[in-house]
Amino acid sequence: MSKLFSDENKAAFTNPLNLNNPITVQVLGICSALAVTSQLKPAIVMGLSVTVITAFSNVIISLLRKTIPNRIRIIVQLVVVAALVTIVSQLLKAYVYDVSVQLSVYVGLIITNCILMGRLEAFAMQNAPWPSFLDGIGNGLGYAAILVIVGFFRELFGFGTLFGYQVIPQALYDAGYQNNGMMVMPAMSLIIVGLVIWAHRAYNKES
Amino acid sequence: MAKKFICEQCGQTFEAASMPDKCPICGANASKIKEVKSKGVNTNSNVYTVLYASVMVIIVAFLLAFVASALKQTQEANVANDTKGQILSALGYDKATIDVAAVYAEKVQDNVFEAGELKPYDGNFNTTYGGLIKNGELHVFTATTAEGELAYVLPVVGRGLWGGLWGYIAVNETKDKVLGTYFYHESETAGLGARIGEKWFQDQFIGKPIFGAEGEVALTVTKAGAAQSEFEVDGVTGATLTSNGVAAMVKDGLTAYKDFLGGAAAECPSKAGCPNKGMCPNEGGCPDEGGCQGCPKACEQTDVEQ
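Residues numbered from 1 in each chain as written. Chains lettered and ligands numbered in written order. Predicted model: local features only at pLDDT ≥ 70, side-chain atom pairs only at ≥ 80, totals over all residues.

### Concerning the interface of chain A and chain B
Stage number 1. Taken together, the contact between chain A and chain B spans 24 residues of the former and 25 residues of the latter.
Stage number 2. Looking at the side of chain A that touches chain B, the elements that each hand over two or more residues are α4 (73-95), α5 (97-111) and α9 (181-184) of chain A.
Stage number 3. Within the side of chain A that touches chain B, the residues separate by chemical class into 14 nonpolar, 8 polar and 2 charged. (Contact = placed C-beta atoms within 7 Å. Helix = DSSP H or I, 4+ residues; strand = E, 2+ residues; numbered from the N terminus. Nonpolar A, V, L, I, M, F, W, Y, C, P; charged D, E, K, R; others polar.)

### Section: the sheet that holds strand β5 (residues 117-120) of chain B
All names here are of chain B.
Stage number 1. Read from one edge to the other, the open sheet built from 6 strands follows the order β5-β4-β6-β7-β8-β9, with strand pairing classed as antiparallel. Looking at the sheet topology across the chains shown, the edges are occupied by β5 and β9 (178-185). Each strand axis lies, on average, 30° off the axis of its neighbour in the sheet, ignoring direction.
Stage number 2. Both strand β4 (residues 108-114) and strand β6 (residues 138-144) contribute to a ladder of 6 bridges, which runs antiparallel. Residue pairing across strands places N111 opposite V140, the latter belonging to β6. (Pairing = 2+ DSSP bridges. Axes fitted to C-alpha atoms, helices over the stretch in contact; angles between N-to-C directions.)

### What to know about the pairing of β9(B)
Along a regular strand, successive side chains alternate from one face of the sheet to the other.
Residue and element names in this part refer to chain B.
Stage number 1. Counting buried positions along β9 yields 7 of 8 residues, so the element is predominantly enclosed.
Stage number 2. Pairing geometry for strand β8 (residues 164-172) and β9, over 7 bridges, is antiparallel. The residue bridging G167 from the neighbouring strand is F183, located in β9.
Stage number 3. Taking the residues that link successive antiparallel strands as the turn, the β8-β9 hairpin has 5 residues, and the phi of K175 there is positive, at about 60°. (Buried ≥ 20, exposed ≤ 12 C-beta atoms within 10 Å, placed from the backbone.)

### Overview of the confidence of the model for chain B
All names here are of chain B.
Stage number 1. Chain-level pLDDT for chain B is 79 on average; 83% of the residues reach the 70-or-more range.
Stage number 2. Within chain B, β8 carries the highest mean pLDDT (92), whereas helix α7 (residues 296-301) carries the lowest (44).
Stage number 3. Segment residues 263-273 is flagged for pLDDT under 50; beyond a separation of four residues in sequence, or across chains, it makes 28 contacts in the model.
Stage number 4. Considering only residues more than four positions removed or in separate chains, one finds that residues 275-306, a stretch of pLDDT under 50, has 71 contacts.
Stage number 5. Quick note on the complex model: pTM equals 0.65, ipTM equals 0.73. (pLDDT = per-residue confidence, 0-100.)

### Section: the packing of helix α3 (residues 40-64) of chain A against α4(A)
Relative placement of two packed helices is described by the angle separating their axes and the distance separating the axes.
All names here are of chain A.
Stage number 1. Two numbers describe how α3 lies on α4: the axes approach to 10 Å, and their chain directions differ by 130°. Put simply, α3 runs oblique to α4. Read as a crossing pair, α3 and α4 show a hand that is right-handed. Contacts between α3 and α4 involve I53, F56, S57, I60 and I61 from the former and Q77, V80, V81, L84 and V85 from the latter. (Parallel < 35°, antiparallel > 145°, perpendicular 65-115°, else oblique. Left-handed = near helix turned anticlockwise from the far one by under 90°.)

Right, dumping it as structure tokens:
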């Protein structure tokens, strides 16, 4: 057991949460961060879906890593990811239809997410399945964390709600407060991501 | 990664991380020890690459085909059930809390509008209506709403920003007001265009009149917060193109059903005429009971002879 949670493996899991965060440091997955963060709920759903898919595609590629011909490795990775996502969405559609309706919008976004390809190429191609699995979970959660932060601000200031519930009291609107329409636009999430990167860099100055 | 070595002196093989100073078995010095290259294939050769790609494609194709065919029936049943749920949703039922199949069987009757009248439809339940409407097979669901009112549910199909939109619009017995709607989409942006699938958006349509003074479909979707007249409904903030798609879908969809919606009024001109110009369904009334329900247009067009 101790080997399963050695320092190296722990680092594979915890680094992407902070020092090697996929969005703020590796700058991967930005476009989906724009697409699904106008409200909190889709941000969380997307974050969790990416976590699961990254973890399992990492494991599969890690198992295959010694057999994959170098010249077509990206194609192989893409095929694995696309097949995995398609099969999972088919299974959801058959057994938990409501969830699949919720997720159908994200399927295309997940397949083309650079975090998946980035981690497959940078980590799973060189490492054993278990660390790759942890790396996938870590990166997925690191990604989800940023989406939630961005989603929180965009929904709060753009709609005055959180998870669809009104948070900003009516009294404030009566006093002249208005929802910020800019927050709803995709451009605003880039600005928030930029602010998060700033805060993150300032906090981790020495690295 | 451990490498494999062979000692030429004792003939034994052993594993070590790197070239050892001497053989761990017989102690022979390093010059007698040779690394054993594994007989693995050269993963960079063309033949291997092509074979690998082919095998991978065959395996993946087989896997996908197997999954798709094995799950097809369950999925189709789910889709049919969900479509029924969407129709019930337009009628004001909460599809998450009811037994969709049972309520549908009890409350909804699938009809086809043909040659001016509704005929019961006894084929397999359809889950998409775009192609059917194009071919002139107009389905109309006769149903009772959650409040117990008689309603007609019309399927509508359109295009959003990224993909298809569809919906079900429930109209009242006189076919001039919306009782409820349900809209959904294939791939609109989550949190923006996808919000047309939410209840607050759909509920805005309840009670809206369908036809304007000219008899055209006047019900439409405006920019968010800009709805003013009784025919207008607020769009979704930040999703103008999807909102426009819904507006076009409602207009085209209801226009396709014009014969059905204005069906009763077609008789109006042939009757003695409406004494109350343009107001017939509401005030004064048509002398012929039910003759010109829901059709201010026909009354206006007819030169009324008192």
